[in-house]
Every structure is written in structure tokens, then in C-alpha cells.
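Fold and contact review
Next come the chains, spelled out residue by residue.
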Amino acid sequence: MVTYSPQFREKDNPNDPQCIVVWDVRTGKKCRGFEAGAIQGSEFRWSHDDKYFARLGKDVISVYDSSTMGLLDKKSLKIPGIRDFCWSPTDSLISCWQPEDGDSPARVLLISIPSRKEVVSKALFNVSDCRMHWQESGDYLCVKVDRHTKTKKSTFSNFELFRLREKNVPVEVLEHKETILAFAWEPVGNRFAICHTTNPTLRPDITFYEMRPEGGVRVLKTLEKRQATHLFWAPQGNFIVLAGMRNQDGGHLEFYNVNDLETMGVDDHFACSNLAWDPTGRYVTTSVSAWSQQQMENGYNVWSFQGKLIHKVLKDRFYQFLWRPRPPSLLSKEKEEYIRKHLREYSLRIVKEEMEEKNRAIREMEEKRNHLISTFQAWEANNKKKYESTREARRQLWHGPASDEDSGWEEHQETVEE
């Protein structure tokens, strides 16, 4: 855990800085203190397995080993003019970019840690800004590049799409002349969505693309004039919510099936400020936080992934809604892949086991029922035998036929012919 105390900025001891402190949560002990960064937003960023953490400095990235809290190889990565960096969500890999400097072009770099090896470098020209978007599975990296013309009077965007799992990391280029409002990778898969418009005052279009295995990018479908400003993929992919989270869009929600390229449901949650999928991808929560400018109708709604409202809660001073994270699988990736490939065999085996279990339960029920019937029949036969053995004694008590031998009724038979 990392804590920040701005009041220590002027009082920091160079030998024991207190402005930023890294703590061991399990023991509560202080691991190491750091001075405040000279660059705004230079907070620590951790690798996918928490083995390393890094921070941005002036012309450098400082990478630390979390086991020793020491600077990796006792020196920082020198990258002149570096503006930003990101960790891969699945590998010890850093992506970063540096702007143009004189005649030198801007560059996007991928650096492996701890070897510091430069995996790939891409030169870019006429760059105004860059934004990096990692796919959650770590298979792809998208660098949204805002470019300007040579006269610098107009700008346009293009996407540099890196295929991390292929040899030599090939790069696909996708150019867009329109204004980009949002970009989102499918967490598991090879698709992504872009929200774009020619005029910010008009409703934008949503376009879905697919990274083709043989190379290239293919357009799947464009949805025109949608009330959407944000894109939220389900954790397992396949489904997406196109959400309008600006005042003019009024919390409009469209639940879309990307597999079938069709809308499953459309609804509204007025002034919606947050949206969260549950880890299984079966439910979606939209909420109106008191932290937003909207101070009325605070609370949350729970939806099915098809867009059906399941539950609604209004709560004063409601601030945040979080789903409990799903624990990691106990199976290895190789075992999961094996199960996926042999899923039909597993399904048939499970169906067979279920039928055997069902038949076993039926047999046990029949055996129990037969046992109860046979027990009752034995008890009944025994009592009948005892009853018959007392018949002579009962006749003597009645001074004639026993009670079960004389009904006390006179029977008359009458025949009617028609």
C-alpha cells in the first residue's frame, strides 16, 4: 500500500523521506519512504504481479523491485522527454512514448523488465498527443495518436495497434478523421469499439472492429447516432453497454450483443454517473453518486446483461458501489485451455454422471418405500393374527357372534323388473 502525505514535503529528511511511503499491509511495517515527484501525476504504478513498481521522472522511468524496495539495477531507464508510461496487464512489459524533439520523430517504446530490452519501437510524425490502451488479456496495445497537419491548422487521429503475441510485434494502423470520444478493447477476444463523431454537438456513431488473425483490421458494424459517450465491455467480452453519461444524454443505456450484432435492450437511468459489471458478466450496476453534481435520486440500479431492471435502491448520500472481486482460478492456464478444447467430452461425462446420480437417488427412494411397505405389511399381518386368536373369547363375551361377525343390520333384497 502507498500513502501520500503532502505536509511532509517541506520537512522531508533526505535520509528518510516521508512524503510517499510504501507499507506492507500484512505486517503494517514501513517498507520504504520516497520524496515527492517533480512531475505531477508521477504516482507509483505496479506491474501485473506486483513484483515491480515504477514512477515517472524527468526524462526517466524509475523501476523498483518490490522484494527489496531497491532501484532495479541501481539505475533508472533514461528516455528523453518521456510523457507517459503503462504496464502490461499480464506481462512485465512497459509501454511509453516520447514526443518529437527537433528533427527526431516521436516514438512509442515497449520495454521488457527486468532485462530493459527494447521489444519494439515505432516512430511517429506530427504528433500532438498519445493515449495508450492495453487490452486486459495483454494480447494487444492500442496507441491513439492525435496528429496535426503540417500547417497545424487541423488535427486528426489514428490508432497504432500492436499485436503483442506475434513474432516481431507487427503493428496495424487505423486512421480516423473524426473526433474520438471513447475507445475500449474487448477484455477477452480480438474486438474493440470506438465512439466517434464529426460534430461534438451531434449524437456520435459507434463502430466495432475485429483484429483479423491473418492480419489487418475488419469493420464489423457501425451504429449511427447513438446517445452514448462511454463504452463498457462485459468482463468476459461478447456484450457491451453503450452509456450516455453526460447531461444532454440523460443516462441513456443500450445493451448490445456484439456476437449477434443486435441490441438486446434499451433503458434510462437519469443522471447515471457510474457503471460497473459484476465479475461474471451476468449483471450490470448503474449508480448516481453524491460525489457527482446530481444531489437527487442518489442510489443504484441492478440490471441483467440483457438490459432488464432487476433491483432499484434509492439512498441519500450514496457515494459508491463496488462488486466483490472474483477469486482467481485454481486451475493453470494450460488446464483451462485443455478443458475448453475438450468441453464436449466433459459435458457428456457430466451429463452421464448426473443421470447416474439421479437414477441412484430414485433407486434409494424406491428401496426406502419398499422397505416401509414391507415393514407395515409384516406389522399388519402380525396384528391380524393376534386379532384372529381372540375370536373365541370375543364370542363368549358377546354371548353369540362376535362384533365383527354381526353387523346389526337386516338385509332385504327387492327385485324390480322393467
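For the structure, see preceding data.
Residues numbered from 1 in each chain as written. Predicted model: local features only at pLDDT ≥ 70, side-chain atom pairs only at ≥ 80, totals over all residues. Heavy atoms only, no water.

A few words now on the layout of surface pockets. Any empty space left between the atoms is revealed when a probe the size of a water molecule rolls over them. Size it by volume and the largest pocket reaches roughly 1400 Å³. Glu136, Ser137, Val188, Gln236 and Arg340 are, among the 32 residues lining the largest pocket, the residues nearest its centre. Only strand E17 (179-185), strand E21 (230-233) and helix H1 (333-341) provide two or more residues apiece to the lining of the largest pocket. Of the residues forming the lining of the largest pocket, the biggest block, 5 residues, is contributed by H1. Residues belonging to the lining of the largest pocket are distributed by class as follows: 16 nonpolar, 6 polar and 10 charged. (1 Å grid on protein atoms, 1.4 Å probe; cavity = no way out; pocket = protein on both sides within 12 Å on 5 of 7 lines; lining within 4 Å. Points joined across faces, edges and corners; volume = space filled by probe spheres on them. Helix = DSSP H or I, 4+ residues; strand = E, 2+ residues; numbered from the N terminus. Nonpolar A, V, L, I, M, F, W, Y, C, P; charged D, E, K, R; others polar.)

In total, this model carries 22 aromatic pairs according to the counting rule given. On the basis of an interplanar angle of 90° and a centroid distance of 6.1 Å, the ring pair of phenylalanine 34 and phenylalanine 53 is categorised as edge-to-face. Here phenylalanine 34 is found in strand E3 (residues 30-34), whereas its partner phenylalanine 53 is found in strand E5 (residues 52-57), with 19 residues between them in sequence. In this structure, phenylalanine 34 and phenylalanine 53 share a single accessibility class: buried. Ring geometry for phenylalanine 159 against phenylalanine 183: centres 5.5 Å apart, planes inclined by 25°, an arrangement best described as stacked. Of this pair, phenylalanine 159 sits in strand E15 (residues 155-163) while phenylalanine 183 sits in strand E17, placing them 24 residues apart in sequence. Exposure remark for phenylalanine 159: the relative accessible area of 0% places this residue in the buried category. (Phe/Tyr/Trp six-rings, centres within 6.5 Å; stacked < 30°, edge-to-face > 60°. Buried < 20%, exposed > 50% of the residue type's maximum accessible area, 1.4 Å probe, protein only.)

Now for the pairing of E21. Across the two faces of E21 the burial differs, with Leu231 and Trp233 buried and His230 and Phe232 not buried at all. Examined bridge by bridge, E21 and strand E22 (residues 239-243) share 4 bridges and lie antiparallel to one another. The residue of E22 that forms the bridge with phenylalanine 232 is valine 241. Following E21, the chain reverses through 5 residues before pairing antiparallel with E22; glycine 237 in that reversal takes a positive phi of roughly 80°. (Pairing = 2+ DSSP bridges.)

Attention now moves to the pairing of strand E2 (residues 20-23). Bridge analysis of strand E1 (residues 2-4) against E2 gives 3 bridges, and the strand direction is antiparallel. The partner of tyrosine 4 across the bridge, within E2, is isoleucine 20. Here E2 runs beside E3; their pairing, made up of 4 bridges, is antiparallel. In the sheet register, valine 21 faces E3, and the bridge partner there is glycine 33. In this antiparallel pair of consecutive strands, E2 and E3, the connection spans 6 residues, and glycine 28 shows a positive phi of 80°.

This part takes up the nonpolar core. Ranked by size, the top nonpolar core spans 18 residues in total, and within it Leu110, Leu141, Val143, Phe162 and Leu164 carry the most contacts. Among the elements that take part in this core, strand E13 (residues 127-134) stands out by supplying 4 residues, more than any other. Leave out the neighbours within four places in its chain, and leucine 110 touches Ile94, Ser95, Lys117, Glu118, Val119, Val120, Trp134, Leu141, Phe162, Leu164 and Val169. Residues Val63, Ile79, Trp87 and Leu109 belong to the second largest nonpolar core, which totals 16 residues. (Core = buried A, V, L, I, M, F, W, Y, C linked by side-chain atoms within 4.5 Å. Contact = heavy atoms within 4.5 Å.)

Attention shifts here to the pattern of salt bridges. Close approach of charged atoms lets side chains of opposite charge pair. Using the criterion set out here, one finds 23 salt bridges in the structure. One salt bridge in this structure joins arginine 45 and aspartate 84, with 2.9 Å as the shortest N-O distance. Taken together, the residues arginine 45 in strand E4 (residues 45-46) and aspartate 84 in strand E9 (residues 84-87) connect sequence positions 39 residues apart. You can call aspartate 84 partly exposed: its relative accessible area is 25%. A salt bridge links lysine 144 to aspartate 146; the nearest nitrogen and oxygen atoms lie 2.7 Å apart. Accessibility expressed as a relative area gives 11% for lysine 144, which makes it buried. (Salt bridge = Lys/Arg side-chain N within 4 Å of Asp/Glu carboxyl O.)

So, about the sheet that holds strand E10 (residues 93-98). Spatially, E9-E10-E11-E12 is the arrangement adopted by the 4 strands of the open sheet, whose pairing is antiparallel. Every interior strand has two partners, whereas the edge strands, E9 and strand E12 (118-124), have only one. Going across the sheet, the axis of each strand differs from the next one's by a mean of 15°, ignoring polarity. Summarising the sheet, strand E11 (residues 106-112) and E12 pair through 6 bridges and their orientation is antiparallel. Paired with leucine 110 across the strands is valine 120, a residue of E12. (Axes fitted to C-alpha atoms, helices over the stretch in contact; angles between N-to-C directions.)

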